[in-house]
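If you want the building blocks of each chain, they are given just below.
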Amino acid sequence: MTKGDRPPARTAPEAVERLRAALGGAGIVLPSLRVDPVTGAHGDPYAVVDLGRCNLGVASRLAAALEVCGGGDG
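Thresholds applied
- Residues numbered from 1 in each chain as written.
- Predicted model: local features only at pLDDT ≥ 70, side-chain atom pairs only at ≥ 80, totals over all residues.
- Heavy atoms only, no water.
- Helix = DSSP H or I, 4+ residues; strand = E, 2+ residues; numbered from the N terminus.
- Buried < 20%, exposed > 50% of the residue type's maximum accessible area, 1.4 Å probe, protein only.
- 1 Å grid on protein atoms, 1.4 Å probe; cavity = no way out; pocket = protein on both sides within 12 Å on 5 of 7 lines; lining within 4 Å.
- Points joined across faces, edges and corners; volume = space filled by probe spheres on them.
- Nonpolar A, V, L, I, M, F, W, Y, C, P; charged D, E, K, R; others polar.
- Core = buried A, V, L, I, M, F, W, Y, C linked by side-chain atoms within 4.5 Å.
- Contact = heavy atoms within 4.5 Å.
- Expected span 1.5 Å × (residues − 1).
- Arc of directions from axis to C-beta.
- Polar contact = N/O pair within 3.5 Å; in protein donor to acceptor, adjacent residues only side chain to side chain.
- Salt bridge = Lys/Arg side-chain N within 4 Å of Asp/Glu carboxyl O.

1. Considerations on the overall build of the protein chain
Argument step 1. The helix and strand inventory of the protein chain stands at 3 helices and 2 strands.
Argument step 2. Written out in order from the N terminus, the α and β elements of the protein chain read α-β-α-β-α.
Argument step 3. The 74 residues of the protein chain split such that 12% are buried.

Right, dumping it as structure tokens:
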């Protein structure tokens, strides 16, 4: 099984850690990435992953990484 074949995350914290690892592999750090504490208090599947805020450099790197994967419209 390759990384792309992995089943979806089963918990919000697992989703956050997998996203953090994938972003880190692309050289992108979202310092505010976390499980939203309000929705997370209700447990899965209601928890929301909060991507947080980032500066223009991080936003540009994120857009470039998505474009490489075919996720951009540019």
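2. Some points on the layout of surface pockets
Argument step 1. Here the largest pocket is characterised by a volume of approximately 200 Å³.
Argument step 2. Forming the walls of the largest pocket are Leu-19, Ala-22, Leu-23, Ala-26, Ile-28, Leu-30, Leu-51, Leu-62, Ala-65, Leu-66 and Cys-69.
Argument step 3. Here the residues of the lining of the largest pocket sort into 11 nonpolar, no polar and no charged.

3. Focus: the nonpolar core
Argument step 1. Counting residues in hydrophobic clusters, the biggest one holds 6 residues: Val-16, Leu-23, Ile-28, Leu-30, Leu-33 and Val-58.
Argument step 2. If we skip the residues at most four places from it in the chain, Leu-30 touches Leu-23, Leu-51, Cys-54 and Val-58.

4. Focus on helix α1 (residues 12-25)
Argument step 1. Taking 1.5 Å as the rise per residue, α1 with 14 residues should run 20 Å; its terminal C-alpha atoms sit 20 Å apart, in good agreement.
Argument step 2. Listed as buried for α1 are Ala-12, Val-16 and Leu-23. Relative to the axis of α1, the buried residues are bounded by an arc of 40 degrees and lie together on one face. Opposite the buried face of α1, by more than 90 degrees, sit the exposed residues Ala-21, Ala-22 and Gly-25.
Argument step 3. Of the surrounding elements, those touching the buried residues of α1 are β1 (34-35), β2 (49-50) and α3 (56-68).
Argument step 4. Capping the start of α1 is the job of one residue whose side-chain oxygen sits 3.1 Å from the backbone nitrogen of Glu-14: Thr-11.
Argument step 5. Positive phi appears at Gly-27, one or two residues downstream of α1, with a value of about 75 degrees.

5. Brief notes about the pattern of salt bridges
Argument step 1. Counting across every chain of the model gives 3 salt bridges.
Argument step 2. For the salt bridge of Arg-18 with Glu-14, the shortest nitrogen-to-oxygen distance reads 3.3 Å. With Arg-18 and Glu-14 both in helix α1 and 4 residues apart, this pair spans about one turn of that helix.
Argument step 3. For Arg-18, a relative accessible area of 22% gives the class partly exposed.
Argument step 4. On the accessibility criterion, Glu-14 (31% relative accessible area) is partly exposed.

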